[in-house]
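The residues making up each chain are set out below.
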Amino acid sequence: MSQEKWADLPQRFTSAVVMLIIFAAALYLGLTGILLLGFVGVLAMQWELARMFGLSGRRLLAVTSVAVLGWLPMVVQPGILFAGMTLPAVAGFLPIMIGAALVKQQRGIYVGYGALLTLGMVGFWHLALNFGSFGIAILAAVVILSDIGGYIAGRMIGGAKFWPSISPKKTWSGTIAGWVLVAGLGFVLMQYSGAAWMVPVAVAVAFGAQMGDIAESWVKRRVGVKDSSQLIPGHGGFLDRFDGFIGGAAVLGIITALFLN
């Protein structure tokens, strides 16, 4: 096995430990901690997205400022969110629409991925409000297990690529390994809760997370960038690291909103 395959592992592992500590602290603080975590994450991701599409200087500052003004009231006064998900949807999509008026390339792709990012964040808020730390922890566990399965199996087994034209590193072996790990988590949750739907829902969320990863890879290829930023050592940017959370949160948010409230 080539050492080159694992060369980035120490840095990735260190960053992952730091992120897990921050995440655990947010869960411990409850709703306020979760919403604050989501606030920081969505601001970073909206900033990265606008920057990837060529915005800089005052234009980038304008998009980021609108995002801050939209999301901050929901962190300071979480009660606003109990009125429904319309406000988070508007708060998330308004900076995207402003950015769309300013970007000079691939405007349709910018709006499309911005819509996915908004849907993922609305799903995140919905989970936080209705299921608290437990719901966010389950989402994180599914995404992390899916990612771990893909990372380890992809490097140890390799084999056919899942979607080589978009994400050349993702393999079928890693994809299936992620599904297996997540199905195991769903089975454990099923034993705990008695809900037979835990397994298929967990796998569906894992699939959403993987599609979120694919979508972000496709966007980066279209705009010609390798990473969304270098904010997280060993992982790239927030979009690079949390693209799976976007897809997973969108799927789980839709499922819970339609069937589990």
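Residues numbered from 1 in each chain as written. Predicted model: local features only at pLDDT ≥ 70, side-chain atom pairs only at ≥ 80, totals over all residues. Heavy atoms only, no water.

Novice: Quick question: what am I supposed to make of the overall build of the protein here?
Specialist: What the protein contains, in helices and strands, is 8 helices and 2 strands. Secondary structure of the protein in N-to-C order comes out as α-α-α-α-α-β-β-α-α-α. Referenced to the eigenvectors of the C-alpha coordinate spread, the extents of the protein come out at roughly 50 × 45 × 30 Å. The buried share among the 261 residues of the protein stands at 46%. Residue pairs in contact within the protein that sit at least 24 positions apart in sequence constitute 70% of those at least 6 positions apart. Accessible surface, the protein: about 12,600 Å² in total, of which carbon and sulfur atoms supply 71%. Here the protein contributes 16 positively and 9 negatively charged side chains, and the mean placements of these two sets differ by 7 Å. (Helix = DSSP H or I, 4+ residues; strand = E, 2+ residues; numbered from the N terminus. Buried < 20%, exposed > 50% of the residue type's maximum accessible area, 1.4 Å probe, protein only. Contact = heavy atoms within 4.5 Å. Areas by Shrake-Rupley, 256 points an atom, 1.4 Å probe, with all protein chains shown as cover. Lys, Arg positive; Asp, Glu negative; His and termini not counted. Charge placed at Lys NZ, Arg CZ, Asp CG, Glu CD.)

Novice: Explanation requested: the nonpolar core in the structure shown.
Specialist: Phe53, Trp71, Tyr110, Met121 and Val142 are the most contacted members of the largest nonpolar core, which totals 59 residues. Mapped onto this core, the elements with two or more residues apiece are helix H2 (31-52), helix H3 (57-76), helix H4 (86-102), helix H5 (107-156), helix H6 (172-193), helix H7 (198-223) and helix H8 (238-260). Apart from the residues within four sequence positions on either side, Phe53 is in contact with Val103, Gln105, Gln106, Ile109, Tyr110, Val219 and Val223. (Core = buried A, V, L, I, M, F, W, Y, C linked by side-chain atoms within 4.5 Å.)

Novice: I would appreciate a short explanation of unusual backbone geometry in the present structure.
Specialist: Among all residues save glycine, negative phi is the norm, and among peptide bonds the norm is trans. For Gln106, which is not glycine, the phi torsion reads 50 degrees and is therefore positive. Overall, the relative accessible area of 29% leaves Gln106 in the partly exposed class.

Novice: What's the story with the layout of surface pockets in this structure? I'm lost.
Specialist: Empty pockets left among the atoms are what a rolling probe the size of a water molecule brings to light. Approximately 990 Å³ is the volume attributed to the second largest pocket. Surrounding the second largest pocket, 36 residues form its lining, Met19, Ile144, Arg241, Phe242 and Phe245 being those nearest its centre. The set of elements that each furnish at least two residues to the lining of the second largest pocket consists of helix H1 (9-29), H2, H5 and H8. No other element matches the 12 residues that H5 contributes to the lining of the second largest pocket. Of the residues contributing to the lining of the second largest pocket, the split by class is 29 nonpolar, 4 polar and 3 charged. (1 Å grid on protein atoms, 1.4 Å probe; cavity = no way out; pocket = protein on both sides within 12 Å on 5 of 7 lines; lining within 4 Å. Points joined across faces, edges and corners; volume = space filled by probe spheres on them. Nonpolar A, V, L, I, M, F, W, Y, C, P; charged D, E, K, R; others polar.)

Novice: When you look at the packing of H3 against H4 in this model, what are you seeing that I'm missing?
Specialist: Two numbers describe a pair of packed helices, the interaxial angle and the distance between the axes. For the pair H3 and H4, the least separation of the axes is 9 Å and the interaxial angle reads 175 degrees. Judged on the interaxial angle alone, H4 and H3 are roughly antiparallel. Facing H3, whose interface residues are Arg59, Val63, Val66, Ala67, Gly70, Trp71 and Met74, H4 presents Leu87, Pro88, Ala91, Gly92, Leu94, Pro95, Ile98, Gly99 and Leu102. For the contact of H3 with H4, the residue count by class is 12 nonpolar, 3 polar and 1 charged. (Axes fitted to C-alpha atoms, helices over the stretch in contact; angles between N-to-C directions. Parallel < 35°, antiparallel > 145°, perpendicular 65-115°, else oblique.)

Novice: Just checking my understanding: could you explain the pattern of salt bridges for this structure?
Specialist: Where charged atoms from two side chains of opposite charge come close, those side chains can pair. As enumerated under the stated definition, the model contains 4 salt bridges in all. Two residues, Arg241 and Asp147, come together in a salt bridge whose shortest N-O distance is 2.5 Å. Linking Arg241 in helix H8 with Asp147 in helix H5, this pair joins segments that are 94 residues apart in sequence. Residue Asp147 is classed as partly exposed on the basis of its relative accessible area of 30%. (Salt bridge = Lys/Arg side-chain N within 4 Å of Asp/Glu carboxyl O.)

Novice: Is there a simple way to think about a nonpolar patch on the surface in this case?
Specialist: A contiguous nonpolar patch, built from Leu20, Ile144, Ile148, Ile152, Met156, Ile157 and Leu181 and spanning about 630 Å² of accessible area, is present on the exposed surface. Looking at the nonpolar patch element by element, the count peaks at 4 residues for H5. The residue Ile152 is located in helix H5 in this model. (Patch = residues over 30% accessible without salt bridge, like charges linked within 9 Å, V, L, I, M, F, W, Y side chains within 5 Å.)

Novice: Explain the packing of aromatic side chains to me, please; I cannot follow it from the model alone.
Specialist: When we look at a pair of aromatic rings, we describe it by the centre distance and by the angle of the planes. Per the counting criterion, the structure on display carries 5 aromatic pairs. Geometrically, the ring pair formed by Phe242 and Phe245 is edge-to-face, given 5.5 Å between the ring centres and 70 degrees between the ring planes. In this pair, Phe242 and Phe245 are both assigned in helix H8, 3 residues apart and thus about one turn of the helix distant. (Phe/Tyr/Trp six-rings, centres within 6.5 Å; stacked < 30°, edge-to-face > 60°.)

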